[in-house]
Amino acid sequence: MSGGSVGVAEADVIVEALRHSGREGIPLVAFIESAGARLQEGAGALGGFGRIFSANVALAQRVPQISVITGTSAGGGCYSPALTDFVVMTEQATMFLTGPKIVRQALGEEVSAPDLGGTGVHERNGVCHLVSADDLEAVALCRELLSYLPQTAGDAPPVRRPEPAPLDDPGMELPSSSRSYYDVRAVIRGLVDRGGFLELWPRWARNMVVGFARLDGRTVGIVANQSRHLGGIIDTEASQKAARFIRTAERFRIPLLVLVDTPGFMPGSRQESAGVIRHGAELLRAFAGATVPRVTVIVRKAYGGAFITMNCKDLGARAAFAWHDAEIGIMSPRSAVEIIHRRELEHPAGEETAERLALLYAQAQLSATAALRRGAIDDVIAPHETRTRVIEVLFGRRRFPRRVGGTPAPAPAAGLPEPPELRDAAGCTLWFTGLSGAGKSTVAALVARELRERGERVEVLDGDVVRQHLSKGLGFSREDRDTNIRRIAFVADVLSRNGVCVLVAAISPYRVTRDEARELMGERFIEIYLRTSLDECIRRDTKGLYERALRGEIGQFTGISDPYEEPLAPEIALDTEREAPEESAARVLALVAARLGRAEVAA
Ligand SMILES: Nc1ncnc2c1ncn2[C@@H]1O[C@H](COP(=O)(O)OS(=O)(=O)O)[C@@H](OP(=O)(O)O)[C@H]1O
Ligand SMILES: Nc1ncnc2c1ncn2[C@@H]1O[C@H](COP(=O)(O)OP(=O)(O)O)[C@@H](O)[C@H]1O
C-alpha cells in the first residue's frame, strides 16, 4: 500500500511493535519494503522515521534485531535496517537513500536500481550481512541466525547438543609452504561443531572472516584473518568489519575465538588517507573493551601491530596459543634482517646471506617457543588439540596467569589447590570484618584477584568506597552504621544470588547487624574476622585516623570511642599479626573452595 511508505500512523504501529519486543524480551525480525517517508505527510512522516530510529537504537541494548529487505527500500527505509544488528537482503532487493530517478535529476548519472543499491553493492560494502535467493530462504537464514543468539541481551545464548568437529586435524587445511594461501574457513569448519558456522558479510572485506559457530554446543563468535584474500592483511574495511562484529558479540555475551594469520596492517598512502589509524584503533578498542571470554590461536604468523590488534594477551585475551610453526614478532624475518644486517647484505653474496640470516633470525626471535618464553602466548599447541584447549578456556575452569614483561605475574596465593567446584557453584559473600587498619581491604583485594584469575565473577564492596556512593552522607552513629551495613548486605545478597563472589570489606562492628546479613544470605554468607589487636592497628595507623581519634578529634571511632563486637563463630579468623597477607588470602581461598563444594553437594 502506497509503496510501503511510512506516515505518522505507520510509524506509530512500528514504534509500538519495537517497544513490545523490548518489553516482552522477544527478538525482532522486520520485513522491509518501503518507498520511504510518505510524501503526502511531509515533515510529519519524517518525524515518524525519527521515532522509529530512536526505538531501534533503544532496542539494541535489549534484544537482537534482524531486518529482511524483500524489495525496494528507499530513504528512511534504509536507516532503520542499518540500525539493527543484522541485515538480510533477498537477491531482488535494493536499498538506497536516493533512487535512480533523483540521482539522474541531481547528478545526471544514469544508473539502474540494482547497480545503485542491489545486493552486489551492499554485500560488498558492509550494509548487508547475508543474501538469500528469496523470501523463504531469508526466513531460514533468520532462524539460523537466531539459533546462535540469546533471546535478550541479558540471557545466555542457547546451548545445543554438542556435535563433534568434522576434522581430527584442522592443521591439515594449511598448505605445506608457508608462502601458499589457504581458506581459513576450512580451518574454522574443521575446529567447530559439525555444520555450525554461519559466516557474516562473506563478500565484504574478505581478508577478515567473521561469523557465529558452535563449540561443544555453545555459541562462539569467530574472528579470523583470511589468508586467501590479500594474504590476511588488515586494512580499514577489515578493521571495521571485525570491530563491528566484536561489539555485537559483546552485546549478546558471546565468547570469541580469534584465529590469527596476518602479515600486518596494509601499508601505503591510500590506506593512510582512508584513515587506517582510526579504523585500526576501533578494532583495538573493540577487543580491549570486550568483557566476554576471548581466546586467540595464532595459526601461522602474527607480526607487529597486527599481532597486538588481533586480541593478544595484553588486550585481555583469556589465553593465547600458537601452533608449532607459527611466527610471532615485530616483522617478517626477511624485512628484519634487511634492517639489522643492512651492512653485511651490501656484499655480493647478498641473496644467499639474506636467506640464511632470515632463517637464523626466525629461529631466535620469531618462533612460537620464543614467544612462549617472552610471555606473549600461554602455550604452543598442536592443531589437533586446539578445539579441546579452546573449549577449556572459553567454557571451562582453566585460567592462565596474566604475564607482565614476559614473566608470569606472581600469584598472590601460590600453591593453592584449584577449587574445581567453584565455577559452576552459586555465588557467595565473603564478609571481611575487623577494626580499621586490620587488613580487610588488603586481604580482600588479594582474594579478589585470585578468584578473578580462576574465572569467577567478582565484586568488591569496600566500606570506604561504598561510603562515597551508596552510603554517601552517612556518619558513624550506630544508626548510620547499621543503615550502611544493611545496604551493603542487600547488594551482596542480590549479586551472590546471581553467581557473583562478593567481597565485603567493612568494619561492621555490631554483631547483631552482621547476623542480620547472615540470615539474609544463609549458606552464601562467609564471615571472615581479621583478628588484629587494637594496639597493632594503632601502630599501623595507615590513615592517621587513630592518632586523631586518640586526640579526640574524631568521635565515635571504632575501638577508641565506639565498640567493636568480635564475631563469636566466624567461618574463619585471620591472625594478621602473625600471617602475611598472602597467607591469609590463601586460607580464605581454601575455605571458599571447600564451602562452595559442600554447598553444591548438599544442593
Ligand atoms: N568514627 C569512625 N569509626 C570508624 N571508621 C571511621 C570513622 N571515621 C572515619 N572512618 C573511616 O571509615 C571507614 C569505615 O567505614 P565502614 O563502612 O567500614 O564502617 S562501618 O562498617 O559502617 O562501621 C574506615 O576505613 P577502614 O580503615 O578501611 O575500615 C575509616 O577509614
Ligand atoms: N597479615 C596482614 N593482613 C592484612 N594487612 C596487613 C597484614 N600485615 C600487615 N598489614 C598491613 O596493614 C594495613 C591494613 O590496611 P587495610 O587493608 O586498609 O585495612 P582495613 O581493613 O581497615 O581497610 C596495610 O597497610 C597492610 O599492608
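Residues numbered from 1 in each chain as written. Chains lettered and ligands numbered in written order. Predicted model: local features only at pLDDT ≥ 70, side-chain atom pairs only at ≥ 80, totals over all residues. Heavy atoms only, no water.

1. Regarding the overall build of the chain
On a plain count of helices and strands, the chain comes out with 23 helices and 20 strands. Counting over 603 residues, the chain shows a buried share of 52%. Long-range pairs, those at least 24 residues apart, make up 73% of the contacts in the chain between residues at least 6 apart in sequence. Once the 73 positive and 77 negative side-chain charges of the chain are each reduced to a mean point, those two points are 1 Å apart. (Helix = DSSP H or I, 4+ residues; strand = E, 2+ residues; numbered from the N terminus. Buried < 20%, exposed > 50% of the residue type's maximum accessible area, 1.4 Å probe, protein only. Contact = heavy atoms within 4.5 Å. Lys, Arg positive; Asp, Glu negative; His and termini not counted. Charge placed at Lys NZ, Arg CZ, Asp CG, Glu CD.)

2. Structural notes on the packing of aromatic side chains
Taken as a whole, this structure holds nine aromatic pairs when the rule is applied. The interplanar angle of 80° and the centroid separation of 6.1 Å between the aromatic rings of Phe 53 and Tyr 79 together place this pair among those described as edge-to-face. With Phe 53 in helix 2 (residues 42-60) and Tyr 79 in helix 3 (residues 76-82), this residue pair connects regions lying 26 residues apart in the sequence. We classify Tyr 79 as partly exposed; its relative accessible area is 43%. (Phe/Tyr/Trp six-rings, centres within 6.5 Å; stacked < 30°, edge-to-face > 60°.)

3. So, the site of ligand 2
In the region of ligand 2, 15 residues are neighbours, and Gly 437, Lys 440, Ser 441, Thr 442 and Glu 579 sit closest. Between Pro 581 and ligand 2, the recorded distance is 3.5 Å, taken from a backbone N or O atom to a nitrogen atom. Across the complex, the protein chains shield 77% of the 560 Å² of accessible surface that ligand 2 would expose by itself. At four residues, the largest contribution of residues to the shell around ligand 2 is made by helix 17 (residues 440-453). A per-class count over the shell around ligand 2 returns five nonpolar, seven polar and three charged. (Near = heavy atom within 4 Å. Polar contact = N/O pair within 3.5 Å; in protein donor to acceptor, adjacent residues only side chain to side chain. Areas by Shrake-Rupley, 256 points an atom, 1.4 Å probe, with all protein chains shown as cover. Nonpolar A, V, L, I, M, F, W, Y, C, P; charged D, E, K, R; others polar.)

4. Brief notes about the packing of helix 19 (residues 478-497) against helix 20 (residues 511-521)
Where helix 19 meets helix 20, the closest approach of the two axes is 10 Å, and the angle between their N-to-C directions is 20°. Here helix 19 is positioned roughly parallel relative to helix 20, judged by the angle of their axes. Of the two elements, helix 19 crosses helix 20, and the hand of that crossing is right-handed. Each of Arg 478, Asp 482, Ile 485, Arg 486, Ala 489, Phe 490, Ala 492, Asp 493 and Ser 496 in helix 19 lies in contact with helix 20, whose residues at this interface are Val 512, Thr 513, Glu 516, Ala 517, Leu 520 and Met 521. For the contact of helix 19 with helix 20, the per-class residue count stands at eight nonpolar, two polar and five charged. (Axes fitted to C-alpha atoms, helices over the stretch in contact; angles between N-to-C directions. Parallel < 35°, antiparallel > 145°, perpendicular 65-115°, else oblique. Left-handed = near helix turned anticlockwise from the far one by under 90°.)

5. A word on the domain arrangement of the chain
The assigned domain composition of the chain is domain 1 (2-148), domain 2 (170-326 + 367-395), domain 3 (332-366) and domain 4 (428-602). Inter-centroid distance (C-alpha atoms) of domain 3 to domain 4 is 60 Å. (Domains from an automatic or database assignment.)

6. Some remarks on the site of ligand 1
In the vicinity of ligand 1, 21 residues are found, and the nearest of them are Ser 436, Arg 467, Arg 481, Ile 507 and Ser 508. Here an oxygen atom of ligand 1 and a backbone polar atom of Ser 508 are 2.7 Å apart. Contact distances for ligand 1 include 3.4 Å between a nitrogen atom and a backbone N or O atom of Thr 558. For ligand 1, whose unbound accessible area comes to 630 Å², protein coverage reaches 91%. Within the residue set of the shell around ligand 1, elements represented by two or more residues are helix 18 (463-466) and helix 19.

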